[in-house]
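Residue-level structural notes
Letter by letter, the chains look like this.
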Amino acid sequence: MNFPPEAPLLDVRNLRVSFFTPDGVVGAVQNVSFSIARGRTLALVGESGSGKSVTAYSLLRLVQPPGRIVDGRIVLRSQRAGEIDISHLDEKSGLLFRVRGGLVSMIFQEPMTALSPVHTIGSQIDEAILVHQDVSPAAARRLTLEMLHKVGIANAAQRYAQYPHELSGGMRQRAVIAMALVCRPELLIADEPTTALDVTIQAQILGLIKTLQREIGCSVLLITHDFGVVAQMADDVAVMRQGEIVERGSVRAVLKNPQHAYTRTLLDALPSRRARVM
């Protein structure tokens, strides 16, 4: 499927997500609009509770009750499946099933919640392949081993047969990245992919995502609260506060000349800036 060069891969317009609780309606995401160009990385940045993860989950229709999308459009322009309005797909639609994990995949914030504790690492990645590709189990195993090797897991054949609790936090996160990218998605959503990792492993994981993005040619939506990660990883940035996007632009423009007071506050919280002030 050929789209005009200026047509973004993902177009989100006036997205609203609310949680209908016994104490009233909570508007978690309010009239959020953004787009992601092909091959580029958009960082969605803000403090905890700003609505970043709810926005990300909405793109795959994964917001659970009492939350639900109440308005807006989420349009994916897939080279493999054409233009898809994700926001209006039926929950049991085969196309929505194809989007999740196939055309769009997600690296979750905590790998221990993303991986089943009762299945081996290899079997879980195999399943992702078998669900979205017409290949034999033997071929799926070969693809899994190749991807485990690509994400930097040594002794891939041994790790293939191990359970999540037998791996370190960094290795579990690499396994989650392997599962997310093994079907070569057009869009990768990375929700705080390095939150639980130490600084050294964090740098390795971010570098790995960047390398695999170039290899696969996918776009990335990076969810983070850390402008240091934004500067390292992203092309464009959108700043969220209390469910709204308050500023957006290229990373260079926003970091060099932030326009919103909240953006300046986040930047002032960076250790390097605090050190200069002191």
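Our subject in this report is the structure included herewith. (Residues numbered from 1 in each chain as written. Predicted model: local features only at pLDDT ≥ 70, side-chain atom pairs only at ≥ 80, totals over all residues. Heavy atoms only, no water.)

1. So, the overall build of the protein
- A count of helical and extended segments in the protein gives twelve helices and ten strands.
- A compact globule built from 278 residues would reach a C-alpha radius of gyration of about 19 Å, and the protein, at 19 Å, matches this within 12%.
- Here the C-alpha coordinates of the protein stretch approximately 55 × 50 × 45 Å along the principal axes.
- A sequence separation of at least 24 residues applies to 67% of the contacts in the protein between residues at least 6 apart.
- With the model as given, the accessible surface of the protein reaches about 13400 Å², and the carbon-plus-sulfur share is 52%.
- On the protein, the mean spot of the 30 positive side-chain charges and the mean spot of the 26 negative ones are 4 Å from each other. (Helix = DSSP H or I, 4+ residues; strand = E, 2+ residues; numbered from the N terminus. Rg over C-alpha atoms; globule rule 2.2 N^0.38 Å. Contact = heavy atoms within 4.5 Å. Areas by Shrake-Rupley, 256 points an atom, 1.4 Å probe, with all protein chains shown as cover. Lys, Arg positive; Asp, Glu negative; His and termini not counted. Charge placed at Lys NZ, Arg CZ, Asp CG, Glu CD.)

2. Things to note about the side chain of Ser 93
- For Ser 93, the position within the fold is in the loop between β5 (82-85) and α2 (94-99).
- A residue is classified by how much of its surface remains accessible, and Ser 93, at 18% relative accessible area, is buried.
- In this structure the side chain of Ser 93 is engaged in a polar contact, spanning 3.0 Å, whose partner is the backbone nitrogen of Leu 95. (Buried < 20%, exposed > 50% of the residue type's maximum accessible area, 1.4 Å probe, protein only. Polar contact = N/O pair within 3.5 Å; in protein donor to acceptor, adjacent residues only side chain to side chain.)

3. Points about the nonpolar core
- Core analysis: the largest hydrophobic core is formed by 38 residues, its most contacted members being Ile 107, Leu 148, Val 151, Ile 177 and Leu 188.
- Elements supplying a minimum of two residues to this core: α4 (121-132), α5 (137-150), α6 (156-160), α7 (169-181), β7 (187-191), α8 (199-216), β8 (219-224) and α9 (227-233).
- If you tally residues by element for this core, the top one is α7, at seven residues.
- The contact partners of Leu 148, leaving out residues within four places of it in the chain, are Ile 121, Ile 125, Ile 153, Ala 156, Tyr 160 and Ala 178.
- Of all hydrophobic cores here, the second largest spans 32 residues; its members include Leu 9, Leu 44, Ile 74 and Met 240. (Core = buried A, V, L, I, M, F, W, Y, C linked by side-chain atoms within 4.5 Å.)

4. Describing the state of the cysteines
- Summed over all chains, the structure comprises zero disulfides.
- With no disulfide of its own, Cys 183 lies closest to Cys 218 among cysteine sulfurs, the gap being 13 Å.
- A relative accessible area of 2% means that Cys 218 is categorised as buried. (Disulfide = S-S within 2.5 Å.)

5. Observations concerning unusual backbone geometry
- Following Pro 65, the chain continues into Pro 66 via a peptide bond in cis, with omega recorded as 10°.
- One non-glycine residue with positive phi stands out, namely Asn 31, at about 55°.
- Note on placement: Asn 31 falls in strand β2 (residues 24-36).
- We note that Asn 155 has phi near 55°; this positive angle belongs to a residue other than glycine.
- Relative to the helices and strands, Asn 155 is located in the loop between α5 and α6.

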